[in-house]
Amino acid sequence: MKIVMLGAPGAGKGTMASRLSAHYNIPHISTGDIFRENIKNQTELGKKAKAFMDEGALVPDELTCDLVADRIRKADCKEGFILDGFPRTIPQAEALTKELSKTDEKVDHVINLEISDEDIVERMSGRRSCPKCKRIYHTVTPSLKPKTDGICDDDGETLVQREDDKPEVVLKRLSVYHEQTEPLVDYYRNLGVLDSVSGKNAIDEEFDLITKILDK
Ligand code: AMP
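Figured I'd write up the structure that's included with this text.

Reading the values: the criteria
Residues numbered from 1 in each chain as written. Predicted model: local features only at pLDDT ≥ 70, side-chain atom pairs only at ≥ 80, totals over all residues. Heavy atoms only, no water. Axes fitted to C-alpha atoms, helices over the stretch in contact; angles between N-to-C directions. Helix = DSSP H or I, 4+ residues; strand = E, 2+ residues; numbered from the N terminus. Left-handed = near helix turned anticlockwise from the far one by under 90°. Contact = heavy atoms within 4.5 Å. Nonpolar A, V, L, I, M, F, W, Y, C, P; charged D, E, K, R; others polar. Near = heavy atom within 4 Å. Polar contact = N/O pair within 3.5 Å; in protein donor to acceptor, adjacent residues only side chain to side chain. Areas by Shrake-Rupley, 256 points an atom, 1.4 Å probe, with all protein chains shown as cover. Buried < 20%, exposed > 50% of the residue type's maximum accessible area, 1.4 Å probe, protein only. Disulfide = S-S within 2.5 Å.

## Details of the packing of helix H2 (residues 31-40) against helix H3 (residues 44-54)
If you want to describe how two helices pack, look at the angle between their axes and the distance between the axes. Interhelical geometry of H2 versus H3 gives an angle of 115° and a closest axis separation of 8 Å. As H2 packs across H3, the resulting crossing turns out to be left-handed. Across the interface between the two elements, Gly-32, Phe-35, Arg-36, Asn-38 and Ile-39 from H2 touch Leu-45, Gly-46, Ala-49, Lys-50 and Met-53 from H3. Class assignment for the residues of the contact of H2 with H3 results in five nonpolar, three polar and two charged.

Next comes the structure, spelled out in structure tokens:
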């Protein structure tokens, strides 16, 4: 099953993708995580991507599309994958369609998480993540709070706030989302693979709704 998670930054794509990945036993591919890993390891790609990410802009398509094409051809993607944060532009969506069509495949489901800008700003200001295992937490949402404030439940690391979750960058990311990513909702609706789900549901409820759609 090939799944794309759509939605504004902070809509909950990462949290859902990681639960769906465990449930269906298919890899969770987050382009944001791949870029952050490259930044941490100071690779050439990381150096190029960082400047764009720090200011809330998108990393150019030419740095992004090939990377995803390579990743989805790895052996662990044979039974499918969940893309989180890709595609983010129409050219990226077209590149993905083209790449999959080479082997007569296509995206099976696109889950669009809908949430208002106001809710996103509130949500992102409380988002924290573990720098080691990448697990996502929240300072306010009860089901996402760590057992001990500021510490990862799984490996005891100190949780961090992403640079690009800081308020001024969040506003820029939202405007980039509306301009460049939101048109993908129509793109995938026209392909007949889109389902929209409220990104404001409780996490368990949202997960149940999505698995019902995917299992139909
Ligand atoms: P995310 O973790 O998905 O919110 O991504 C964090 C940042 O990484 C974004 O704000 C972009 O700067 C960059 N990024 C992630 N995925 C993409 C993509 N598909 N295209 C361009 N830039 C991306």
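## Notes on the site of the ligand
Inspection of the region around the ligand gives 16 residues, with Thr-31, Ala-57, Gly-85, Gln-92 and Arg-173 positioned closest. Contact distances for the ligand include 2.8 Å between a nitrogen atom and a backbone N or O atom of Gly-85. Look at the ligand: alone it shows 480 Å² of surface, and the protein chains cover 96% of it. Here the shell around the ligand is composed, by residue class, of six nonpolar, five polar and five charged.

## Quick word on the side chain of Asn-38
Here Asn-38 is to be found in helix H2. Given a relative accessible area of 17%, Asn-38 falls into the buried group. Dropping the residues within four chain positions of it, Asn-38 is found in contact with Thr-43, Leu-45 and Gly-46.

## Some details on unusual backbone geometry
With an omega dihedral of -5°, the bond running from Phe-86 to Pro-87 counts as a cis peptide bond. Looking at the secondary structure, you find Pro-87 in the loop between strand S3 (81-84) and helix H5 (90-101). Its identity as a non-glycine residue notwithstanding, Asn-25 has a phi of 55°, on the positive side. Note on placement: Asn-25 falls in the loop between helix H1 (13-24) and strand S2 (28-30). With a phi angle near 75°, Lys-134 is a residue other than glycine that sits in the positive phi range. Relative to the assigned elements, Lys-134 resides in the loop between strand S5 (127-129) and strand S6 (136-138).

## A closer look at the state of the cysteines
Counted under the stated rule, the structure contains zero disulfides. For Cys-77, which is in no disulfide, the shortest distance to another cysteine sulfur is to Cys-65 and amounts to 16 Å. Taking relative accessible area as the criterion, Cys-77 reaches 5% and is therefore assigned buried. Here Cys-133 stays unpaired: no disulfide links it, and the sulfur of Cys-130, its closest cysteine neighbor, is 3.7 Å away. Residue classification places Cys-133 among the partly exposed residues on the basis of a relative accessible area of 33%.

Purely geometric numbers; function is a separate question.
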